[in-house]
Amino acid sequence: MAHWIDNAIFWHVYPLGFVGAEQRAHAGIRHRLNHIVDWLDYAVALGASGLLLGPIFTSSTHGYDTIDHFRIDPRLGDDCDFDQLIMEARRRGLKVILDGVFNHVGRDFPLFRAAIENGTASQEASWFRLLGGKDDTGGPAYATFEGHHALVALDHDSSDVTDYVTNVMNHWLDRGASGWRLDAAYAVSRPFWKTVLTDVRQRHPHAYIFGEVIHGDYNGFVTATGVDAVTQYELWKAIWSAINDCNLFELQWALERHNGFLEHFVPLTFVGNHDVTRLASRLTDERHIAHALAILMTVGGTPAIYAGDEQAFRGIKENRVGGDDAIRPAFPARPEELAPFGWPIYRLHQQLIGVRRRHPWLFRAKSRKIHLTARKAVWAMEANNQTILVALNLRDGDAILPAPGAKNVVAGTAAAITIELDRSTSIRLPGYGWAVLSTEKQ
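Source: prediction; values computed, not measured. (Residues numbered from 1 in each chain as written. Predicted model: local features only at pLDDT ≥ 70, side-chain atom pairs only at ≥ 80, totals over all residues. Heavy atoms only, no water.)

Engineer: Just checking my understanding: could you explain the environment of Arg428 for this structure?
Structural biologist: Structurally, the position occupied by Arg428 is in strand 22 (residues 425-429). With 154 residues separating them along the chain, Arg428 and His274 place their C-alpha atoms 37 Å apart. Once residues within four sequence positions are removed from consideration, Arg428 is found in contact with Asp398, Ala399, Ile400, Ala414, Ala415 and Ala416. Only 3.1 Å separates the side chain of Arg428 from the side chain of Asp398, close enough to count as a polar contact. (Helix = DSSP H or I, 4+ residues; strand = E, 2+ residues; numbered from the N terminus. Contact = heavy atoms within 4.5 Å. Polar contact = N/O pair within 3.5 Å; in protein donor to acceptor, adjacent residues only side chain to side chain.)

Engineer: For this particular structure, what's the right way to read the sheet that holds strand 22?
Structural biologist: Picture the strands of a sheet paired through backbone hydrogen bonds; they go either parallel or antiparallel. Spatially, the three strands line up as an open sheet ordered 19-22-21, and their pairing is antiparallel. Two strands in the sheet have a free side with no partner beyond their single neighbour: strand 19 (399-402) and strand 21 (416-419). For this sheet, the mean inter-axis angle between neighbouring strands, taken without regard to orientation, is 30 degrees. With four bridges joining them, strand 21 and strand 22 adopt antiparallel strand pairing. Residue Ile419 lies in a different strand from strand 22, and its bridge partner there is Thr425. (Pairing = 2+ DSSP bridges. Axes fitted to C-alpha atoms, helices over the stretch in contact; angles between N-to-C directions.)

Engineer: I tried to follow the pattern of salt bridges on my own but got confused; where do I start?
Structural biologist: Working definition: two side chains of opposite charge can pair if their charged atoms are close together. Taken as a whole and assessed by the stated rule, the structure comprises 27 salt bridges. With a closest N to O distance of 2.1 Å, Arg314 and Glu286 form a salt bridge. Separated by 28 residues along the polypeptide, Arg314 in the loop between strand 15 (302-306) and helix 13 (343-358) and Glu286 in the loop between helix 11 (279-282) and helix 12 (289-296) bring together distant segments of the chain. With a closest N to O distance of 3.1 Å, Arg428 and Asp398 form a salt bridge. Linking Arg428 in strand 22 with Asp398 in the loop between strand 18 (386-393) and strand 19, this pair joins segments that are 30 residues apart in sequence. Since its relative accessible area comes to 35%, Arg428 is described here as partly exposed. Asp398 gets classed as partly exposed once you look at its relative accessible area, which sits at 43%. What emerges from the salt-bridge pattern is a single network uniting Asp41, Glu88, Arg91 and Arg92. (Salt bridge = Lys/Arg side-chain N within 4 Å of Asp/Glu carboxyl O. Buried < 20%, exposed > 50% of the residue type's maximum accessible area, 1.4 Å probe, protein only.)

Engineer: Mind showing me how you'd approach the nonpolar core here?
Structural biologist: In terms of nonpolar packing, the biggest core is built from 140 residues, with Trp11 and Trp180 touching the most fellow members. Among the elements that take part in this core, helix 9 (residues 233-244) stands out by supplying eight residues, more than any other. Ranked by size, the runner-up nonpolar core spans 13 residues in total, among them Val378, Leu401, Ala403 and Ala406. (Core = buried A, V, L, I, M, F, W, Y, C linked by side-chain atoms within 4.5 Å.)

Engineer: Explain helix 5 (residues 110-118) to me, please; I cannot follow it from the model alone.
Structural biologist: Note on helix geometry: an α-helix contains 3.6 residues per turn, so any two residues three or four positions apart are oriented the same way. Along helix 5, the residues that are buried comprise Phe112, Ala114 and Ala115. Viewed along the axis of helix 5, the buried residues span an arc of 160 degrees, placing them on a single side of the element. Set apart from the buried face of helix 5 by more than 90 degrees, the exposed residues are Pro110, Arg113 and Glu117. Considering only its buried residues, helix 5 is in contact with strand 8 (140-142) and strand 10 (148-153). (Arc of directions from axis to C-beta.)

Engineer: Whenever I open this one, the pairing of strand 15 confuses me. Can you help?
Structural biologist: Note on strand geometry: in a regular strand, side chains alternate between the two faces of the sheet. Among the five residues in strand 15, five count as buried, and that is most of the element. Judged by which residues are buried, strand 15 turns out to be covered on both faces: Thr302, Ala304 and Tyr306 on one side and Pro303 and Ile305 on the other are all buried.

Engineer: Looking at this structure, how should I read helix 6 (residues 159-174)?
Structural biologist: End to end, helix 6 covers 22 Å across 16 residues, agreeing with the expected 22 Å (1.5 Å per residue, within 8%). Among the residues of helix 6, Val161, Thr162, Tyr164, Val165, Thr166, Val168, Met169, Asn170, Trp172 and Leu173 are the ones counted as buried. The N-cap residue of helix 6 is Ser158: its side-chain oxygen and the backbone nitrogen of Asp160 are 3.2 Å apart. Directly beyond the C-terminal end of helix 6, a positive phi value near 125 degrees is found at Gly176. (Expected span 1.5 Å × (residues − 1).)

Engineer: Explanation requested: the side chain of His258 in the structure shown.
Structural biologist: Residue placement: His258 occurs in helix 10 (residues 248-262). Given a relative accessible area of 0%, His258 falls into the buried group. With near-sequence residues (within four places) excluded, His258 lies in contact with Gln232, Leu235, Pro267, Thr269, Val299 and Gly300.

Read these as layout, nothing more, since geometry by itself doesn't imply function.
Here it is in structure tokens:
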């Protein structure tokens with residue numbers, strides 16, 4: 001694994017939405033990647049050390065229907081704009097991770113158009129998986145991604161496809177990217193990833209590469225493919241669901257599962273991304289944002305903050321055409337133009353990211369239950385013989401909770417630390433309170 005990932009915290013941007021690009025491809029180049037450059041200082045002030053970008057390559061619409069993996073989408077700019085983004089990110093100490101859509105391509109992908117024109121026996125057709133029969137348009141039926149006609153699945157048994165994906169990944173790593181997110185990685189055969197990543201790592205041993213895997217055997221996927229990590233959707237779901245339902249037993253179950261994953265790899269952790277309803281909309285009470293973030297920033301993993309969540313942006317994902325628009329909005333020209341009500345949540349993120357950066361060992365920290373009821377919990381987060389405590393109170397009214405070894409409140413709303421005559425230690429949290437506690441003397 002890339003050594004630098006131990007300290008990484010990503011700010012996740014969906015570029016086409018962020019810059020306000022048109023929903024469909026057009027003629028001409030619009031140099032909009034510099035709009036992201038204008039927000040890099042904001043990301044650094046937040047506490048991020050990396051930029052996790054959504055699709056930036058030429059596509060017909062939303063970026064996941066790629067036409068050319070070797071060309072920057074003209075709605076975003078060109079190679080010079082990409083080079084400028086990399087240079088400005090590096091100047092601020094930010095790593096840049098790209099989104100690789102290698103399970104499928106758009107129907108305007110030149111080789112697919114040639115396959116339709118030249119027939120199913122053509123060399124171009126061997127890049128795709130023929131199903132037999134006709135599709136709804138009367139053309140030959142090819143495999144698609146989860147039934148989406150516009151997304152044509154590649155044939156990952158083809159050596160041409162293997163070489164193509166390897167060349168794409170190396171090309172952009174050569175140009176300054178530091179790693180890849182592998183979109184829909186779960187839909188691609190594991191031997192394909194193993195072959196591609198073995199070749200890529202020979203040339204770029206320090207690249208960080210993780211796969212989008214929603215459910216299933218996380219450990220098995222990592223072992224079989226050679227990725228550094230996968231997306232931890234189990235923990236994402238448990239955080240908001242357990243908090244909404246006031247059922248922290250669900251979160252405890254997920255944390256125990258998470259401990260098991262940490263024995264094998266360090267997951268990419270998050271409470272929001274470009275594919276799901278915004279956290280502020282998902283939670284039934286915004287006072288719980290701090291509870292969700294306290295878990296994210298203290299549990300083992302590589303945390304990613306989806307741009308806008310740090311300002312409590314709202315947006316609900318809907319399963320329809322255009323259903324992602326609400327969660328992928330355009331950002332203003334500069335941070336100063338953001339609405340004022342989001343800045344307290346930004347400062348909350350800064351506070352908890354600061355805790356994370358002062359305790360870099362949290363990258364591999366496992367949780368240990370100290371106290372657990374449906375609405376109150378205390379966990380010890382531990383690694384390398386170091387410990388911090390995390391306490392949550394999801395109910396109205398004060399809660400007195402055990403806090404063994406606690407010396408100081410480093411973040412949160414704990415009112416007091418009390419050491420009893422028997423040397424036991426407790427804290428008092430107000431209603432809907434939370435705290436991160438150090439076990440070391442300051």
